[in-house]
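Residue-level listing of the chains:
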Amino acid sequence: MLGVELGAADYIERLKVELGRVNLEEVQQFSDLLFDAWQHGRFVFLVGNGGSACTCSHFAEDLGKNCVRPEDVANGGRRLKILSLTDNVGWITALGNDYAYDQIFVQQLMHYATPGDLLIAISGSGNSPNILAAVDWANRHGLTTFGMTGYDGGKLKKAQKCGIHVPLCDMGMVESIHLCIGHWVVDDLMARIAGTGRRGMKDGR
């Protein structure tokens, strides 16, 4: 953990450096996939464990609520269909108890998902069995799989169709960068859907 070795100032400077290494084409592709899902009424699912599960919840709330302006919603504008599969404790505990922990996401996908939907899989290590099971099922059933990883990307980086990789061996900083990227994507989607800001004229609405 970098914070054990670095003081606050050096830690923040290191975070700036790592943010600067983010592949912007991957970030733009993330926004493009979500915008495409919104355009075509596709469902977006998120899966993750621990801190990444909290990131899933955060993304689902922000993307579900904030990528469409309140005034547009009031006038019949539609929001992005998005669901974090980390948030239903009843589902998760039933599946973990009756099947196995590696089934807590894939079994939910079997219930909700259809071909053309988007699965966002967040795993710092890229090696969580329940994440890999969900991505494998999604790949075989016509979903687009987008991974968000750290460290060397693990098995997820190889299994996903596309994604964002933060090549850093520090879980906390990886998770912070994932969140930072997500916040920009929310704003970018709002601009694209509303046709405001740097996006100018309405983009495909």
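Quick caveat, the model's predicted, so the values are computed rather than measured.

Cut-offs used in this document
- Residue numbers run consecutively from 1 along every chain, following the written order of its sequence.
- Predicted model: local features are reported for residues with pLDDT of at least 70 only, side-chain atom pairs are reported and counted for 80 or more only, and whole-chain, interface and lining totals are derived from all residues.
- Only hydrogens and water are removed before side-chain values are computed, so all heavy atoms of the structure are retained for them.
- Per-residue confidence from the predictor is reported as pLDDT, which spans 0 to 100.
- The contact criterion used throughout is that any non-hydrogen atoms of two residues lie within 4.5 Å.
- Residue types Ala, Val, Leu, Ile, Met, Phe, Trp, Tyr and Cys, when buried and joined through side-chain atoms within 4.5 Å, form a set referred to as a nonpolar core.
- Whether a residue is buried, partly exposed or exposed follows from its accessible area with a 1.4 Å probe, protein chains only, as a fraction of its type maximum: under 20%, in between, or over 50%, in that order.
- Strands are runs of DSSP state E lasting at least two residues, helices are runs of H or I lasting at least four, and both sets are numbered from the N terminus onward.
- Think of it this way: DSSP has to see at least two bridges between two strands before they count as a pair.
- By convention, a crossover is right-handed whenever its connection, traced from the first strand over the helix to the second and viewed with the strands pointing away, goes clockwise.
- Definitions used throughout: a 1 Å grid over protein atoms alone; a cavity as a set of points that fits a 1.4 Å probe which cannot get out; a pocket as an open set with protein on both sides within 12 Å along at least five of seven lines; a lining residue as one with an atom within 4 Å of a point.
- Grid points are joined across faces, edges and corners, and a volume is the space filled by probe spheres set on the points.
- The convention is simple: Lys and Arg are positive, Asp and Glu are negative, and His and the chain ends are not counted.
- Salt bridges are identified by distance alone: a Lys or Arg side-chain nitrogen within 4 Å of an Asp or Glu carboxyl oxygen.
- For this analysis, a polar contact is any N or O atom pair within 3.5 Å, provided that within protein one partner can donate a hydrogen and the other can accept it, and provided that sequence-adjacent residues contribute only side-chain to side-chain pairs.

**Let's talk about the confidence of the model for the protein**
Reading fine detail from the predicted coordinates is not recommended where pLDDT is low. When the pLDDT values of the protein are averaged, the result is 92; 94% of them are 70 or greater. Below a pLDDT of 50 lies the segment residues 201–205, which in the model reaches 12 contacts outside its immediate sequence neighbourhood of four places, other chains included.

**Quick word on the nonpolar core**
Within the largest apolar cluster, 36 residues are counted, with the highest numbers of intra-cluster contacts made by Phe30, Leu34, Leu63, Leu80 and Ile120. Within the residue set of this core, elements represented by two or more residues are helix H3 (24–39), strand S1 (43–48), helix H4 (51–66), strand S3 (118–123), strand S4 (144–149), strand S5 (162–165) and helix H10 (171–194). Not counting chain neighbours up to four residues away, the residues in contact with leucine 63 comprise Leu34, Leu80, Ile82, Val185, Val186 and Leu189. By size, the runner-up hydrophobic cluster in this structure holds 20 residues, among which are Ala113, Ala121, Val135 and Leu143.

**Things to note about the pairing of S4**
Buried residues dominate S4, accounting for five of its six residues. Where S3 and S4 come together, six bridges link them in parallel fashion. Paired with alanine 121 across the bridge in S4 is glycine 147. As for the winding sense of the linkage, the β-α-β connection from S3 through helix H8 (residues 129–140) to S4 is right-handed. By the bridge criterion, four bridges tie S4 to S5 in an arrangement that is parallel. Bridging across to S5, threonine 149 finds its partner in histidine 165. Assessed by its sense of winding, the connection that carries the chain from S4 through helix H9 (residues 154–159) to S5 is right-handed.

**Here's the deal with empty space enclosed by the protein**
The full count for this structure, using the stated rule, is one cavity of 30 Å³ or more. The volume enclosed by the largest cavity comes to roughly 30 Å³.

**Digging into the side chain of aspartate 170**
Assignment of secondary structure puts aspartate 170 in the loop between S5 and H10. No salt bridge is formed by the buried aspartate 170. Its closest oppositely charged neighbour is arginine 14, at 7.9 Å. Here methionine 173 takes part through its backbone nitrogen, which lies 2.9 Å from a polar atom of the side chain of aspartate 170. Apart from residues no more than four positions distant in its own chain, aspartate 170 is found in contact with Met1, Leu2, Tyr11 and Tyr151.

**Focus on the pattern of salt bridges**
A side chain of one charge can pair with a side chain of the opposite charge when the charged atoms of the two come close. Applying the stated rule across the entire model yields six salt bridges. One salt bridge connects lysine 16 with glutamate 13, and the closest N-O pair in it is separated by 3.1 Å. Of this pair, lysine 16 and glutamate 13 both sit in helix H2 (residues 8–20), three residues apart, which is roughly one turn of the helix. A relative accessible area of 42% means that glutamate 13 is categorised as partly exposed. A salt bridge links aspartate 32 to arginine 192; its shortest N-O distance comes to 2.8 Å. Pair noted here: aspartate 32 is in helix H3 and arginine 192 is in helix H10, with a separation of 160 residues, a long-range link. Relative accessible area serves as the criterion here: at 33%, aspartate 32 is assigned to the partly exposed category. For arginine 192, a relative accessible area of 8% puts it in the buried group. When salt bridges with common partners are traced through the structure, they connect Arg14, Glu18 and Arg21 into a single cluster.

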